[in-house]
Amino acid sequence: MAEYGFDTLAVHAGAQPDPATGARITPIYQTSAYVFENADQAAALFNLQVFGNIYSRIMNPTVAVLEERIAALEGGTAGLAASSGHAAQHLVFHTLMEPGAEFISARQLYGGSVNQFSQAFAKYDWHVRWADAMDANSFARAVTDKTRAIFCESIANPGGVISDLEGIARVAEQVGVPFIVDNTLATPWLIRPFEWGAHIVVHSATKFLGGHGNSLAGAIVESGTFDWAKSGKYRTLTEDNPSYHGIRFYETFGDFAFCVAARALSLRDLGPCLAPENAFLTLTGIETLPLRMKRHCENALVIADWLARDERVEWVNYAGLPSHPLHAAHRKYCPKGAGSVFTFGLRGGFDAGMKLVDSVRIFSHLANIGDTRSLVIHPASTTHRQLSDEDRVKAGAGPEVVRLSIGIEDVRDLIADLDQAMQ
Amino acid sequence: MVPNYPDALIARLLRSVHRIAMIGASPNPARPSYFAMKYLLDKGFEIVPVNPGQAGKDILGQKVYARIADLPAPIDMVDIFRNSAAAGPVTDEAIAEKQRLGLKVLWMQLGVVNEEAAQRAEAAGLTVIMNRCPKIEYGRLSGEIGWYGVNRRTIDNRKPFAFSQGGTLRRD
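Thresholds applied
- Numbers given to residues run from 1 along each chain, matching the order in which its sequence is written.
- Chain letters start at A and ligand numbers start at 1, both assigned in the order the entries are written.
- Note on the predicted model: pLDDT of at least 70 is required for a residue's local features to be given, and 80 or more for side-chain atom pairs to be given and counted; whole-chain, interface and lining totals, by contrast, use all residues.
- The way it works is that DSSP assigns letters per residue, a run of H or I at least four long becomes a helix, a run of E at least two long becomes a strand, and they are numbered from the N terminus.
- Note that the radius of gyration is over C-alpha atoms, with the globule rule given as 2.2 Å times the number of residues to the power 0.38.
- In this description, any two residues whose backbone-derived C-beta atoms lie within 7 Å of each other are considered to be in contact.
- Just so you know the grouping, Ala, Val, Leu, Ile, Met, Phe, Trp, Tyr, Cys and Pro go in nonpolar, Asp, Glu, Lys and Arg go in charged, and all remaining residues, Gly too, go in polar.
- Comment: axis = line fitted to C-alpha atoms, over the contacting stretch for helices; angle = value between 0 and 180 degrees taken between N-to-C directions.
- For classification purposes, an angle smaller than 35 degrees is called roughly parallel, one larger than 145 roughly antiparallel, one from 65 to 115 roughly perpendicular, and anything else oblique.
- Each pair of strands is called paired provided DSSP finds at least two bridges between the two strands.
- With C-beta atoms placed from the backbone, the exposure class of a residue follows from how many other C-beta atoms lie within 10 Å of its own: 20 or more, buried; 12 or fewer, exposed; in between, partly exposed.
- Looking down the strands as they point away from the viewer, one classifies a crossover as right-handed if the path from the first strand across the helix to the second runs clockwise.
- Think of a nonpolar core as buried Ala, Val, Leu, Ile, Met, Phe, Trp, Tyr and Cys residues chained together by C-beta atoms that fall within 7 Å.

Asks: Break down the overall build of chain B for me, with residues and values.
Replies: In terms of regular secondary structure, chain B is built from 5 helices and 7 strands. Each helix and strand of chain B, placed in order from N terminus to C terminus, yields the pattern α-β-α-β-β-β-β-α-β-α-β-α. Relative to the 2.2 N^0.38 estimate, which gives 16 Å for 172 residues, the radius of gyration of chain B is 16 Å and therefore close to what a compact globule would have. In terms of overall dimensions, chain B has a C-alpha envelope of 45 × 35 × 25 Å along the principal axes. Within chain B, contacts between residues at least 6 apart in sequence are counted, and of these 60% link residues at least 24 apart.

Asks: Give me the interface of chain A and chain B: which residues, what numbers.
Replies: With 38 residues of chain A at the contact, the number on the chain B side is 32 residues. When contributions to the side of chain A that touches chain B are tallied by element, the ones reaching two or more residues are α3 (61-74), β1 (78-82), α10 (249-253) and α11 (257-270) of chain A. At 6 residues, the largest contribution of residues to the side of chain A that touches chain B is made by α3(A). Residue classes in the side of chain A that touches chain B are distributed as 20 nonpolar, 15 polar and 3 charged.

Asks: Explain the packing of helix α1 (residues 7-16) of chain B against helix α5 (residues 134-142) of chain B residue by residue, including any values.
Replies: Residues and elements named next belong to chain B. Contact geometry of α1 with α5 gives a least axis separation of 10 Å together with a crossing angle of 105 degrees. By the angle between their directions, the pair α1 and α5 is classed as roughly perpendicular. Contacts between α1 and α5 involve D7, I10, A11 and L14 from the first element and P134, E137, Y138 and L141 from the second. Tallied by class, residues from the contact of α1 with α5 come to 6 nonpolar, no polar and 2 charged.

Asks: Account for the sheet that holds strand β14 (residues 401-405) of chain A, with residues named and values stated.
Replies: Residue and element names in this part refer to chain A. Reading across from one edge, β10-β11-β14-β13-β12 is the order of the 5 strands in this open sheet, with mixed pairing throughout. Of all the strands in the sheet, the pair left with one neighbour each is β10 (313-317) and β12 (364-365). As paired elements, strand β11 (residues 341-346) and β14 share 5 bridges and run antiparallel to each other. What sits directly across from F344, in β14, is V402. Sheet strands touched by helix α13 (residues 289-308): β10 and β11. Its angle to β10, the strand with the most contacts, is close to 150 degrees. In this fold helix α15 (residues 349-359) packs onto β11, β12, β13 (375-377) and β14, with an angle of close to 125 degrees to the strand it touches most, β11.

Asks: Lay out the pairing of strand β2 (residues 102-106) of chain A in plain terms, naming residues and giving numbers.
Replies: All names here are of chain A. Burial runs high along β2: 4 of the 5 residues are buried. Summarising the sheet, β2 and strand β3 (residues 127-131) pair through 5 bridges and their orientation is parallel. Looking at β3, one finds that I104 is bridged to R129. Note on the crossover from β2 through helix α5 (residues 111-120) to β3: the handedness is right-handed. When β2 meets strand β4 (residues 147-153), the two strands line up parallel, connected through 3 bridges. Looking across to β4, one finds that I104 is bridged to I150.

Asks: Can you lay out the sheet that holds strand β7 (residues 127-129) of chain B for me, pointing to particular residues and giving the numbers?
Replies: Residues and elements named next belong to chain B. Ordered in space as β2-β1-β5-β6-β7, the 5 strands form an open sheet in which the pairing is parallel. Each having just a single partner strand, β2 (46-50) and β7 make up the two edges of the open sheet. Across the sheet, the axes of successive neighbouring strands diverge by a mean angle of 20 degrees, strand direction being ignored. In terms of strand pairing, strand β1 (residues 19-23) meets strand β5 (residues 77-80) through 4 bridges, oriented parallel. Pairing of A21 across the sheet is with V78, part of β5. Against the sheet, helix α2 (residues 32-42) touches β1 and β2, its axis set at about 155 degrees to β2.

Asks: Account for α5(B), naming residues and giving values.
Replies: Because an α-helix completes one turn every 3.6 residues, residues spaced three or four positions apart along the sequence face the same direction. Residue and element names in this part refer to chain B. With respect to burial, α5 is a largely interior element, 9 of its 9 residues being buried. The set of residues buried in α5 consists of P134, K135, I136, E137, Y138, G139, R140, L141 and S142. Buried residues along α5 sit against α1, α2, β5 and β6 (105-108). Of the residues one or two after α5, G143 is the one with positive phi, at around 100 degrees.

Asks: Could you give an account of the nonpolar core, with specific residues and numbers?
Replies: Counting residues in hydrophobic clusters, the biggest one holds 194 residues, and the most contacted among them are I150(A), I220(A) and V78(B). Aside from chain neighbours lying at most four places away, what touches V78(B) is A21(B), I23(B), I68(B), A94(B), L103(B), L106(B) and W107(B).

Asks: I'd like a description of the pairing of strand β9 (residues 218-222) of chain A, backed by residues and values.
Replies: Residues and elements named next belong to chain A. By the criterion of burial, β9 is predominantly enclosed, with 5 of the 5 residues buried. Along β9, one buried face is formed by G218, I220 and E222 and the opposite face, lined by A219 and V221, is buried too. Two elements, β1 and β9, share 5 bridges in a ladder whose sense is antiparallel. Pairing of A82 across the sheet is with G218, part of β9. As paired strands, strand β8 (residues 200-204) and β9 are joined by 5 bridges and run antiparallel to one another. Within β9, the position partnered with H203 by the bridge is A219.

Asks: I'd like a description of the environment of A133(A), backed by residues and values.
Replies: All names here are of chain A. Among the structural elements, A133 can be located in the loop between β3 and α6 (136-142). Spatially, the C-alpha atoms of A133 and R107 are 7.0 Å apart, while their sequence positions differ by 26 residues. A133 has contacts with A106, Q108, C152, A156, V161, S163 and D164, leaving out every residue within four places of it along the chain.

Here you go:
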């Protein structure tokens, strides 16, 4: 098999000239359904016996190019897109879990995922147990006979934390459960979790993959290396499926069975499909992912270093700084950069944080990350406002904390903007 | 050890074989062998099902034979839909009939790996593929499987044929 370089895959993987028109750029197939060739082919499509398009909730040619491209960048066997990163997580767990089952997640997590795991999933009787992303043994201690998966973010939001992927993967291997990694903040340009032993990667492609703050999108990629039959715990994949006349997904689709099952069952039945136009915008964004990530990381390091030397700043939580406790993890897992999302603490506390977000003129004050534009948020007065003082501190959102997502603008303009806003 | 094969080899085999004996073909529409048989028939291959329990009956309109020794020549490829242990004796039957059938390729399905059998078949002059599905490989190399988000690991800047005409596989 040809082994193309990452930058070539970012531009080309999954795409080819349109078979009907020769259009070089992937067309936006803005259609809800597809005509069948004949009644026999229609039946075969519904039975999954042949490959083809049926209905855009389940598959769409524009979306399929995005799925294949992200799968190629991650080095996986197949991908599946969803309407958001949250939807992608929902589909992954819906495929793996059953009522009463548990999974273990790092507690260093995007706040929205904390809610999804602890609140929304509890309604399905799926239960999360928490562990520490930097301590693989904490995952081993949380294992029970109900554990069905292990989850963490490669670089954890709100930044600074680089998870011990290799150590956590070893625990998953010993327990015999799939290791799921949210690779949103790192992107495969910085970290390819499959190379450290992960089995499933999820993305909010809304962030650095799409990269321009214009489209919600989510993605799932599978490594093709997990043996779904061994433990007998993943019945969706191994048992006769009643909604497809008794087919067994793992036996039939082998090393891409997880994505086929997540598509043909969970996406079909729950419905969070990606719109083709969002897939198109995300694809266009991915073409420049390597260039953008390099600049994002370079700018972030310069700004973190500048902040760390500024007397108005109490601390900077960026693993790219040599003084950071996770600098060694950064050198091991993502030597090309430590990402562009990180937090820092203002000596002036809550009021200084409020003043900063009101005074910046290039940084945008909003609740997103991974945009070409630099972004800022003061969690204590926004995303974490509803928590108690104590819980805010535990969540890394104390009164002095500011989160930055560094964009690709001229770094001296970004420094000047922060400098004037901290006056 | 999972064997790895170059795309060029798989593509060459899929373009060169025409009549495939499918060992372990099943009349049950939920079985992977039925999926593969239906798909490959749709793509223009001739499939001859082999299954002693179904001998004399039809699967997807094709007459079923009990054993390789009963097959009418020519047969280009034997595709084994049996477990890895059973693949051994099947391989020996195939080797015994190689000359008469004009057999060129011995293919073991996804999950089927039998190194000793593969060595015997290669020594007899057969090209051997293990742990792969011709349906999936055809879908991958023609481009059609990309509709399922599968990573085809190929880049091609040419306008492909329609998938019903072989897609990218027809090009090279």
